[in-house]
Amino acid sequence: MNPDELAPLVRQAQRGDTLAMNDLLDALAPYVGRICAPIALGHGPDAAQEALIVIFKSLKHLRAPEALLAWARTIAVREAVRIANDRRTVPAELADLPQAGDPQLETDIADVLRRLSPEHRAILVLRDQEGYSETEAAALLAIEVGTVKSRLHRARRSFQKVWSA
Amino acid sequence: MNQHWPVAEPDAVARLHALAAGVRGASVTEGVVDAPYARVWAHLADLEKGFGDVEPDMRRFTVLSNENGRLEALAVSRYGMRARLRGTLRPGWCWLQSRFLLIGVAAAPDGPERTRVAFTGGVRVPGRAALIPLGVKQSGRRSLRLLQRRMQG
């Protein structure tokens, strides 16, 4: 997705062109889905739908069309965390994280994600997929960075074998 | 991006809810039809014949051009009003607008024998992402009912 190509579509959509909205939906749906899935896991499609609803309801208020992706990303992360928390049945315990070297990690990254809280999953997504610093990611989620940093370090180390595979 | 991360994409029906959320006054009618997706969509995507079955206000629908799913069509209502529609038609998805009209239809498989279908649209506030809020819910419900009846026949 090229932000320079999306900005004119945003302006057209804000003027009421629903075909431009349709094109924006085509561009944003995969992006929002990629952010929501690792955070909301099994509820990823619902989270992506909710995020897209918020995005299209609020699009007319977006003042800087060039900032579409960052704006959509923030909404997607927040909706995914909200839905994951609303529907969570088993409290996440980071203490249960497998140690680095556990062969299980090589087979099921989703299982590792399930062992993290939605907020921690969100920080991992922002940090490692979207290139945020931990401080920026924690700020976006209104979480104290100091309290999560060490745990995330361990979680990320657990992923390294899978990522480098 | 790593290929092992889970991904999720909302299906066409979920997308229709999202897009309609940006259209003031729009209402989405969603339901399940007891027929396989391929059969349901073949009927709906036949805009010149099948679509008129579920949208009885439409007297005639003529596709003027269709290039890679980018469609131009002429619709004539039973009251004689004409609308030149432009938009997208692809498997599971139809989104068309004219200055005065908006049509949105989506379908997604619900198992091998059933199909989730959603309708939205109505009379557009000229040039705006807004519908005149008259009869939009009734129209969607009627289209769904007619489609279900048609698929049973």
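Remember, predicted model here, so these are calculated numbers, not experimental data. (Residues numbered from 1 in each chain as written. Chains lettered and ligands numbered in written order. Predicted model: local features only at pLDDT ≥ 70, side-chain atom pairs only at ≥ 80, totals over all residues. Heavy atoms only, no water.)

1. Description of the overall build of chain A
Secondary structure summary: chain A contains eight helices and zero strands in total. Element order for chain A, N to C, with α for helix and β for strand: α-α-α-α-α-α-α-α. Within chain A, contacts between residues at least 6 apart in sequence are counted, and of these 65% link residues at least 24 apart. Carbon and sulfur atoms form 48% of the exposed surface of chain A, whose accessible area is close to 7,500 Å². (Helix = DSSP H or I, 4+ residues; strand = E, 2+ residues; numbered from the N terminus. Contact = heavy atoms within 4.5 Å. Areas by Shrake-Rupley, 256 points an atom, 1.4 Å probe, with all protein chains shown as cover.)

2. As for the packing of helix α4 (residues 68–86) of chain A against helix α6 (residues 118–129) of chain A
Residue and element names in this part refer to chain A. The interhelical angle for the contact between α4 and α6, taken along N-to-C directions, is 155°, at an axis separation of 9 Å. In terms of orientation, α4 lies roughly antiparallel with respect to α6. The two elements α4 and α6 cross, and the hand of that crossing is right-handed. Contact with α4, carried on its side by R73, V77, V81, A84 and N85, involves P118, E119, R121, A122 and L126 of α6 and no other residues of that element. A per-class count over the contact of α4 with α6 returns six nonpolar, one polar and three charged. (Axes fitted to C-alpha atoms, helices over the stretch in contact; angles between N-to-C directions. Parallel < 35°, antiparallel > 145°, perpendicular 65-115°, else oblique. Left-handed = near helix turned anticlockwise from the far one by under 90°. Nonpolar A, V, L, I, M, F, W, Y, C, P; charged D, E, K, R; others polar.)

3. Regarding the packing of helix α2 (residues 18–40) of chain A against α6 of chain A
Residues and elements named next belong to chain A. As a packed pair, α2 and α6 sit with axes 8 Å apart at the nearest point and diverge in direction by 140°. Read as a crossing pair, α2 and α6 show a hand that is right-handed. Here R34, I35, P38 and I39 of α2 lie close against α6, whose contacting residues are P118, R121, A122, V125 and Q129. For the contact of α2 with α6, the per-class residue count stands at six nonpolar, one polar and two charged.

4. Considerations on the sheet that holds strand β7 (residues 115–123) of chain B
Taking strand neighbours across the sheet as the criterion, the seven strands line up as β1-β7-β6-β5-β4-β3-β2 (chain B) in an open arrangement whose pairing is antiparallel. Looking at strand neighbours, the two that pair on one side only are β1 (29–33) and β2 (58–67) of chain B, the edges of this open sheet. Averaged over all pairs of adjacent strands, the angle between their axes in this sheet comes to 20°, without regard to strand direction. Each of β3 (70–77), β4 (82–90), β5 (93–97) and β6 (101–109) of chain B touches α2 of chain A; the most contacted strand, β5 of chain B, lies at about 150° to it. Sheet strands in contact with helix α2 (residues 37–45) of chain B are β1, β4, β5, β6 and β7 of chain B, and its direction is about 165° off that of β6 of chain B. (Pairing = 2+ DSSP bridges.)

5. Considerations on the side chain of D17 of chain A
Tracing the chain through its elements places D17 of chain A in the loop between α1 (3–14) and α2. The side chain of D17 of chain A is buried and forms no salt bridge, while R124 of chain B, the nearest opposite charge, is found at 5.2 Å. Within the structure, D17 of chain A has its side chain in polar contact with the side chain of Q97 of chain B (distance 3.0 Å). Not counting residues up to four positions away in its chain, the partners in contact with D17 of chain A are Q12 of chain A together with Q97 and R124 of chain B. (Buried < 20%, exposed > 50% of the residue type's maximum accessible area, 1.4 Å probe, protein only. Lys, Arg positive; Asp, Glu negative; His and termini not counted. Salt bridge = Lys/Arg side-chain N within 4 Å of Asp/Glu carboxyl O. Polar contact = N/O pair within 3.5 Å; in protein donor to acceptor, adjacent residues only side chain to side chain.)

6. Topic: the interface of chain A and chain B
As a measure of interface size, the accessible area lost when the parts come together is often cited. Contacts between the two partners involve 32 residues from chain A and, on the opposite side, 30 residues from chain B. Contact with chain B buries area across many residues of chain A, yet T18, L19 and N22 of chain A alone supply 20% of it, more than any other trio. For the pair chain A and chain B, the number of links is three salt bridges. A salt bridge links D26 of chain A to R15 of chain B, with the shortest nitrogen-to-oxygen separation between them at 3.4 Å. For the interface between chain A and chain B, the tally reads 11 residue pairs in polar contact (both at pLDDT 80 or more). Those elements that provide at least two residues to the side of chain A that touches chain B are α2, α3 (44–58), α5 (109–114), α6 and α8 (145–164) of chain A. Classifying every residue of the side of chain A that touches chain B gives 19 nonpolar, seven polar and six charged. (Buried area = accessible area lost by both parts, 1.4 Å probe.)

7. As for the confidence of the model for chain A
Residues and elements named next belong to chain A. Per-residue pLDDT for chain A averages 82, and the proportion of residues at 70 or more is 78%. Per-element confidence in chain A ranges from a low mean pLDDT of 65 for α8 to a high of 97 for α3. Below a pLDDT of 50 lies the segment residues 91–100, which in the model reaches 24 contacts outside its immediate sequence neighbourhood of four places, other chains included. (pLDDT = per-residue confidence, 0-100.)

8. So, the packing of aromatic side chains
Residues and elements named next belong to chain B. Within the structure shown, the criterion is met by two aromatic pairs over all chains. Arranged with centres 6.1 Å apart and planes meeting at 75°, the rings of F51 and F61 form a pair that is edge-to-face. Within this pair, whereas F51 is found in helix α3 (residues 50–54), its partner F61 is found in strand β2, the two being separated by 10 residues in sequence. Residue class for F61 comes out buried when judged on its relative accessible area of 6%. Ring centres of W93 and W95 lie 6.3 Å apart, and the angle between their planes is 15°; on these two criteria the pair is classed as stacked. Here W93 and W95 have matching classes, each one buried. (Phe/Tyr/Trp six-rings, centres within 6.5 Å; stacked < 30°, edge-to-face > 60°.)

9. What about helix α1 (residues 12–21) of chain B?
Residue and element names in this part refer to chain B. The element α1 is extensively covered by neighbouring structure, given that eight of its 10 residues are classed as buried. Buried residues of α1: A12, V13, A14, R15, L16, A18, L19 and A20, and no others. Of the residues that open α1, the one with a side-chain oxygen 3.1 Å from the backbone nitrogen of V13 is D11.

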